[in-house]
Each structure stands twice: as structure tokens, then as C-alpha cells.
Amino acid sequence: MLVVTDLTEYLYCPRRLYASRRLKYVEVESKEMVLGTMVHEVIEQFLKRHTEFLGAVREDDSADQIAPRGNAMLIRIVPERMVRHKSRLEKVGIPMMDCLKEVRSLAERFVRAHAVRVHAFAKARRVFGRALVIAYPTILTEYDSNSRTLDLRGRIDYVEKSRDVYVPFEIK
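(A) Summary view of a nonpolar patch on the surface. On the surface, Leu-2, Leu-7, Tyr-10 and Leu-11 cluster together to form a nonpolar patch covering roughly 400 Å² of accessible area. Examining the composition of the nonpolar patch, we find that 3 residues originate from one element, helix 1 (residues 4-12), more than from any other. Along the chain, Tyr-10 falls in helix 1.

(B) A look at the packing of aromatic side chains. Applying the stated rule across the entire model yields 6 aromatic pairs. Ring geometry for Tyr-158 and Phe-169: centres 4.8 Å apart, planes at 5 degrees, overall stacked. Linking Tyr-158 in strand 3 (residues 152-162) with Phe-169 in strand 4 (residues 165-169), this pair joins segments that are 11 residues apart in sequence. When its relative accessible area of 3% is taken as the criterion, Tyr-158 is described as buried.

(C) Looking closely at the packing of helix 3 (residues 31-48) against helix 7 (residues 96-125). The geometry of helix 3 relative to helix 7 is characterised by a closest axis approach of 10 Å and an angle of 45 degrees between their N-to-C directions. One way to sum up the angle between helix 3 and helix 7 is to call them oblique. The two elements helix 3 and helix 7 cross, and the hand of that crossing is right-handed. Taking contact as the criterion, the partners of Leu-35, Met-38, Val-39, Val-42, Ile-43, Phe-46 and Leu-47 in helix 3 are, on helix 7, Cys-99, Glu-102, Val-103, Leu-106, Ala-107, Phe-110, Val-111 and His-114. Among the residues making up the contact of helix 3 with helix 7, the classes are represented as 13 nonpolar, 1 polar and 1 charged.

(D) Expanded view of the packing of helix 1 against helix 2 (residues 14-21). For the pair helix 1 and helix 2, interaxial distance at closest approach is 5 Å and the crossing angle is 130 degrees. For the element pair helix 1 / helix 2, the angle class is oblique. Along its contact with helix 1, which presents Asp-6, Glu-9, Tyr-10 and Tyr-12, the element helix 2 presents Pro-14, Arg-16, Leu-17 and Arg-21.

(E) Spatial organisation of the pattern of salt bridges. With the rule as written, the count across this model stands at 19 salt bridges. Of the charged contacts in the structure, one is a salt bridge between Arg-112 and Asp-64, with a shortest N-O distance of 3.0 Å. Taken together, the residues span a long stretch of sequence, with Arg-112 in helix 7 and Asp-64 in helix 5 (residues 63-84) at a distance of 48 residues. A residue is classified by how much of its surface remains accessible, and Arg-112, at 35% relative accessible area, is partly exposed. Classification of Asp-64 as exposed rests on a relative accessible area of 54%. In this structure, Arg-155 and Asp-144 form a salt bridge, with 2.9 Å as the shortest nitrogen-oxygen distance. Placement of Arg-155 in strand 3 and of Asp-144 in strand 2 (residues 138-147) is noted, with a sequence separation of 11 residues between them.

Conventions used here
- Residues numbered from 1 in each chain as written.
- Predicted model: local features only at pLDDT ≥ 70, side-chain atom pairs only at ≥ 80, totals over all residues.
- Heavy atoms only, no water.
- Patch = residues over 30% accessible without salt bridge, like charges linked within 9 Å, V, L, I, M, F, W, Y side chains within 5 Å.
- Areas by Shrake-Rupley, 256 points an atom, 1.4 Å probe, with all protein chains shown as cover.
- Salt bridge = Lys/Arg side-chain N within 4 Å of Asp/Glu carboxyl O.
- Helix = DSSP H or I, 4+ residues; strand = E, 2+ residues; numbered from the N terminus.
- Phe/Tyr/Trp six-rings, centres within 6.5 Å; stacked < 30°, edge-to-face > 60°.
- Buried < 20%, exposed > 50% of the residue type's maximum accessible area, 1.4 Å probe, protein only.
- Axes fitted to C-alpha atoms, helices over the stretch in contact; angles between N-to-C directions.
- Parallel < 35°, antiparallel > 145°, perpendicular 65-115°, else oblique.
- Left-handed = near helix turned anticlockwise from the far one by under 90°.
- Contact = heavy atoms within 4.5 Å.
- Nonpolar A, V, L, I, M, F, W, Y, C, P; charged D, E, K, R; others polar.

So, in C-alpha cells, the structure goes:
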């Protein structure tokens, strides 16, 4: 079965795929790779705590009022991830304060966009607080997907599942 990541890697640079798969070349980890991994993990942890975020949405809230609540969650999540990756950060020479600023900034952009979507959903369906938690699509993080028909397999950053409809999202 073909891995979707290999397909996208091939489209990006066939030599790179050949070097990693056939020659077993291991790419040296860069600052961008470490920060990207951390941002992914921060967003994943935010989504795993999503019901806390949804439950705080009130009828009179705007997206601008919802987003800071998500950002407050990041204040707890980002340091957890920094501790987890401390040795990797040191290895690539990223000072902890620079990491904190960069990861929080990128994660806050995601939270802001997500707050806009949650706000639109809540207003359109007139559901808030606990009712919003129940009505909002289920979020599945790091969703494994396989297609025998296409002979493909891969992992999707997160999926919103509502009834029998699955909407995939990639975090880039």
C-alpha cells in the first residue's frame, strides 16, 4: 500500500524520497522541523481539550471573544510541549523563550481561525455552552485512513466527524 506522505514527498522532490527510502538517508533535524512538530502537538492537545473550549462559548460572544479563551488554554499546553522537547530544542539551538514566542504565535493563528469556525457554527445553529459541546462535530486527531480501492494509507492531522460525514484537516 502506498503511503500518502511518500506520494507528496515524491511530488515535492523525487530524489529526496529515493534518498530516504532506498538509501536510508536520515535528514538532520532543523529548527523548523522541531518547531513544526511542537506546533502540531500543541494544536493536537488543544483539540483533545476541545470540549472545555466549546463549553465556554456564550450566545453573546463574538469570535474575537472566543479566541482568547483558546489562547489561555495554549498558555498551559505550550510549556508542557517545551518540557517534552527540551533536549531537541537545545540540540538545534533554539532558546526556550524564542520557542515559546514562535510556537504560541503559530498556535494562536490556528485558534483564531478555529474560533471563527466555532462562532459561525454556534450562531447558525443557535447552540451555546453545553449544547454546543454536544452539537459540534466530534474531533478525531491523528486519524489513520486507509483506502483499499486507491491502495493508499496515511494519517490526517484531524478530522471533524458529524453523523456519517468526515471532514479532514491538515495543519500546515
